[in-house]
Structure formats: structure tokens, C-alpha cells
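Single-letter residue listing:
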Amino acid sequence: MRVLSVANAIALVLAMLLSTVTSARPAAADTATCSSTVGAGIPPPAVASLPQGLPGFHATWYGQSGYMSLCPGDTSVATVAYYNTGSNGWVLSKMGQAAFLGTNGPEPGADQPSILGGDGTNGTPNTKWPSYNRVAAQPAEYVGPGQVAWFQFTVKAPTTPGVYVVGLRPVIEGAQWMEDIGVFWVVWVKKPDGTMPPPSYRAPCATCWPLNGLQMAAGQPNVARRALNVRIDNAPAARPHTGTAQADVIFETLVEAGITRYEAIFHSQDPAKIGSVRSARLSDREITPLVRGALAFSGATTDETKFIQEDAAAGKYIDLNANWSYAGAAYFRVTQDDAGNPRVGPYNEYTTSNLLREATNRAGGGDPVTIPSWGFLDSVNHIDWAGGFYGSVTATNITIPYQHQNDVHYAYDAASRTYARYQFDPNFGRYVREVDALTNTAIAARNIIAIYTDVVTTAIVEDSLGSLGVNVRTTGTGHMSIFRDGRRQDGTWFRGTIFDPWTFVSDSGEQILLSPGQTWVHMIPSTWTVPSN
């Protein structure tokens with residue numbers, strides 16, 4: 001496949017795959033025996049349209065065999081041609097002159113192992129590739145300028161049905177990468193009965209942290225420990241925040257008078273400082289059980305304190321109210337934050353991950369827990385329509401329309417596959433990039449989720465101005481928008497109880513998986529819209 005725009009590439013690949021599926025699908029799919037098929041090949045471009053004799057080593061895609069629809073565990077041979085558009089010949093027997101196909105982006109990433117093939121090392125199946133990250137070697141001893149090399153390699157279908165990709169890029173071993181960038185091979189793995197999974201289906205990662213999707217590994221914290229839900233102020237006087245770059249998930253939730261605060265969830269990492277810590281709200285009662293958590297906060301109204309105590313007594317989560325004797329030692333006041341800004345009450349209360357875990361143990365919350373996963377792709381390196389993003393649209397700038405000049409903008413960076421977060425700050429009269437004061441790390445989220453729901457005003461008076469608190473519905477169902485990989489997918493959210501994670505389903509009916517990394521969640525009124533472009 002030649003380098004195309006993302007939208008055109010998606011349309012072309014899925015149209016070809018769907019065409020193959022339609023022609024190969026058995027009449028009685030529910031009782032059929034699975035059989036592998038290969039689609040039509042893609043012809044080369046006209047030679048006259050290709051560059052010629054570029055100085056040094058260069059290559060251009062020049063056609064390929066068809067994409068496969070394989071039964072689990074089946075193998076198939078793929079062929080892809082590259083035209084030598086450079087002035088140098090490719091010599092197989094000479095290091096620094098031999099041409100290979102290497103693994104590349106967007107999946108599995110440059111020089112990374114692929115689930116579709118390899119040499120049996122680094123977790124790859126043994127399909128006789130030259131190495132785990134070299135898909136094929138040039139087929140002839142010498143490929144001169146203006147000649148074509150027909151590379152062949154074997155792929156093996158994973159046992160789990162889904163749509164898989166291996167990115168390819170020619171390389172002169174030991175010297176340099178060559179063009180074309182953006183060539184990839186698609187393998188659609190059927191179900192054992194021969195039926196097809198949805199067009200962007202992937203199985204959720206089974207070896208990843210449940211709240212950020214990063215791979216678990218030796219030497220990391222215990223995945224069976226409780227998560228910490230820390231209530232953090234988001235008033236301009238409370239910025240910049242501390243420790244937020246190390247949160248797995250951050251909920252920005254509406255509170256009284258249309259302002260927002262954070263529920264920052266820490267599980268896989270342990271910040272040396274977190275803050276500033278503020279009081280709890282009713283939404284904490286909905287979020288903390290989801291992460292089997294301990295709720296860290298500076299206090300609450302009489303009614304909210306009573307509700308939280310009752311929840312904790314019922315075993316729903318751990319109550320780390322700073323006013324309780326067993327938890328008070330976990331909190332402290334400071335005169336300036338880590339960025340050197342002066343801090344005064346009530347914006348100067350902080351904590352640490354270790355202090356909160358000690359308080360959790362004192363409160364009886366030290367037993368192992370199993371936190372349900374939100375559902376993640378197994379790698380940041382993935383084709384952008386994987387995991388339920390079939391039919392998504394480009395969206396690189398996002399606005400969350402909070403009131404009172406508190407609106408938030410996200411801007412997508414394709415190089416890092418993350419979203420920079422900006423908040424309007426009246427102290428500066430402009431939008432300011434959110435940076436963690438503890439580590440001087442700019443916030444770089446992988447997923448942005450807008451959950452449209454009911455935000456209801458309550459009778460609870462939250463402050464001296466008489467502002468009434470709100471409650472947020474987090475169970476049941478509603479509309480949602482998920483932003484990932486610079487794209488937007490709309491659909492429906494489902495959540496059965498406060499102990500369940502959300503399930504996100506696209507408008508085309510596929511379960512949506514998140515990209516590994518930090519997620520920001522915005523639970524906003526169902527009457528709002530989230531502009532993006």
C-alpha cells in the first residue's frame with residue numbers, strides 16, 4: 001500500500017477486506033468450517049510516475065499480493081514489491097548494502113516484535129523471518145537501480161479473532177531506513193466457525209495494568225493493591241497541580257457553581273507529593289468503588305461525611321478523611337509548591353502516595369484487591385482504527401465547554417500520540433499548558449473521554465456563599481465521545497453498578513479499547529456538546 005492519508009488508507013483497507021469477506025463468507029456461517037482466503041492483489045503504479053536514480057539508497061512501494069482473512073493459527077505467504085529508486089544497488093552479501101524489510105509503525109513500531117510473525121524470539125511466532133524485527137531479505141543477490149525486488153514472508157494468524165497489522169519499511173541493514181513509510185499488511189483473523197469479527201476488533205490486553213493499560217513487568221508495584229482516589233482542587237489559585245502526571249486516570253468533575261475539581265486515581269505509580277488536596281463530593285462515592293480504592297480528602301460537609309462513613313462501613317471503599325486520627329498523619333501543609341509558587345490555605349494541603357498507603361493499611365485496607373480493567377489495546381503502537389475505532393473521524397483539537405472561563409482545550413501531537421491539555425487561567429488571561437509541578441512534566445494524555453450524563457443539583461450547601469452541590473449519574477447508560485490517536489469515536493457508555501468499569505461501544509456496535517497511558521474523563525451534562533476538529 002502506498003502512503004495515503006489516514007482516512008483514505010482506512011477506507012481502502014477496510015473496503016478490500018470487506019470485499020474479501022463478502023465473497024468468502026459461507027452461506028451458513030454459524031455452522032461453517034473455517035477456511036482461509038486471500039484477497040485480490042494491489043497492482044504497481046506506472047514506472048514513469050516513480051523517481052529514478054536518487055543519490056544513495058532509496059525505495060518505493062511497487063505492488064503486493066492481497067490481504068488475508070485467516071482462520072486462527074493458519075499461515076499464509078505475503079509478497080510485496082519495492083522498486084529501487086536510488087543510485088546504489090542492493091547487495092545481499094554485504095553489510096551496509098543489503099536490503100531487508102523491517103517492522104515499522106504504526107504497528108508494531110520501528111524494530112519491534114510483531115504478533116503476526118518472526119523468528120520465535122522476543123515473543124514472536126516462528127514464521128522463518130530473518131529475525132523478530134526483520135520481515136524478509138531481498139530475494140536476489142543484487143538488485144540494481146531501476147530494478148524491482150519481490151520480498152516474500154510468512155504470517156501466522158493469532159489464535160484470537162480480530163484485525164491485526166504489521167507495518168513494513170525497507171532498510172539497508174546497518175546503514176539506513178529507506179522509503180516508503182506508511183506501508184502495512186492487514187490480516188483479518190476469523191472466528192473458529194469461519195465468521196468474521198467486527199472490522200476493527202481486538203481482544204483487550206490481558207497482561208496490562210487495569211487503569212492505564214501499560215504492560216505489567218517485574219519490579220513494578222503490586223497490581224493487587226488498592227488504587228488511591230485523591231481529591232485535588234482545580235481553582236486557578238490551586239494550579240499548577242502536583243503529582244498529576246503520574247495518575248493513571250483523572251476525572252475532572254463538576255462541583256458547585258459550575259467549577260471543577262479532580263479525582264486523580266493513582267495505582268501503578270507512586271508520586272512523592274500530591275496536591276493540593278481538597279474536600280470530597282458525592283461523585284467520589286461513585287468513582288472510588290470502581291477502582292477498589294481509598295478516598296483521600298481534606299474533609300466534607302456533614303451530610304457527605306456521613307454518607308462516606310456509611311460507605312466505608314459497608315466495605316465499598318476506604319475512608320481517608322484527613323480529620324480522622326488514623327489518616328491525619330498522611331496530610332501536611334506547605335508554604336510553596338514544587339514550582340516555587342507561594343501557597344496559602346485552603347490551597348496548601350498535600351499528601352504523598354506512601355503516606356496514603358500507610359493510612360490505608362491502618363484503616364484495614366491492606367488486603368489484595370482485583371481492580372477491573374477498563375479495556376486497553378496491548379500497545380501504544382497500533383493502527384489508529386484498531387479497537388473499535390472503525391468509522392471514527394479525525395479530531396486533533398477538542399474543547400470541553402466548562403463555565404466561568406474554566407473551559408479546557410486538548411491538542412493532539414501525532415509524534416507522541418498524546419494530547420496536550422490547556423486550561424484557561426484568568427490570572428494570565430489566556431490558556432495555559434497543564435504541567436505537573438512535582439516533576440515539571442507536561443500533561444500528555446492518551447485518551448480523552450466525554451461521558452454525557454445527568455448532573456443534578458442537590459440540597460447540600462457546599463460553601464459559605466450558599467452554593468449547592470451536585471451529584472453525577474455514573475451508572476446505567478448514555479452517550480459518549482472518546483478521543484484517541486487524533487480521532488473521535490462517538491457511541492454509548494454502559495455501567496451496571498458502582499463496582500463495574502464503563503463499557504464503551506461505538507455507534508457501529510464495536511467495543512472501544514483505550515490506548516495505553518493516562519486517561520482524562522469528563523462527566524458532563526447530557527445537554528452539552530464537545531466541539532472537535
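The rules behind each value
Residues numbered from 1 in each chain as written. Predicted model: local features only at pLDDT ≥ 70, side-chain atom pairs only at ≥ 80, totals over all residues. Heavy atoms only, no water. Pairing = 2+ DSSP bridges. Helix = DSSP H or I, 4+ residues; strand = E, 2+ residues; numbered from the N terminus. Disulfide = S-S within 2.5 Å. Buried < 20%, exposed > 50% of the residue type's maximum accessible area, 1.4 Å probe, protein only. Salt bridge = Lys/Arg side-chain N within 4 Å of Asp/Glu carboxyl O.

Caption draft 1: The sheet that holds strand β16 (residues 274–275), seen in detail. If you trace the 3 strands from one edge of the open sheet to the other, you get β16-β20-β19, paired in antiparallel fashion. The sheet is open, and its two edges are formed by β16 and β19 (331–333), each paired on a single side. As defined by bridge partners, β19 adjoins strand β20 (residues 349–351) across 3 bridges and the pair is classed as antiparallel. Counterpart to F332 in the pairing with β20 is Y350.

Caption draft 2: Focus on the state of the cysteines. The final tally for this structure, using the stated rule, is 2 disulfides. Here C34 pairs with C71 through a disulfide, and the sulfurs are 2.0 Å apart. Here the S-S torsion is close to -105°, and the disulfide linking C34 with C71 is therefore left-handed. Note that C34 is positioned in the loop between α1 (6–24) and β1 (37–38) and C71 in the loop between β3 (68–70) and β4 (75–84), a separation of 37 residues in sequence. The side chain of C205 participates in a disulfide bridge whose partner is C208; the two sulfur atoms lie 2.1 Å from each other. Judged by the torsion about the S-S bond (80°), the C205/C208 disulfide is right-handed. The burial state of C205 is the same as that of C208; both residues are buried.

Caption draft 3: Highlighting the pattern of salt bridges. Evaluation of the coordinates by the stated rule reveals 21 salt bridges. Note that D111 and R134 form a salt bridge whose closest N and O atoms lie 2.7 Å from each other. Taken together, the residues D111 in the loop between β6 (99–104) and β7 (134–137) and R134 in strand β7 connect sequence positions 23 residues apart. With relative accessibility at 27%, the residue D111 sits in the partly exposed group. On the basis of relative accessible area, R134 is assigned to the buried category, the value being 9%. Across the salt bridge formed by R333 and E349, the nearest N and O atoms sit 3.6 Å from each other. Here E349 lies in strand β20 and R333 lies in strand β19, a separation of 16 residues in the sequence. A single network of salt bridges, built from pairs that share partners, joins D111, R134 and E173.

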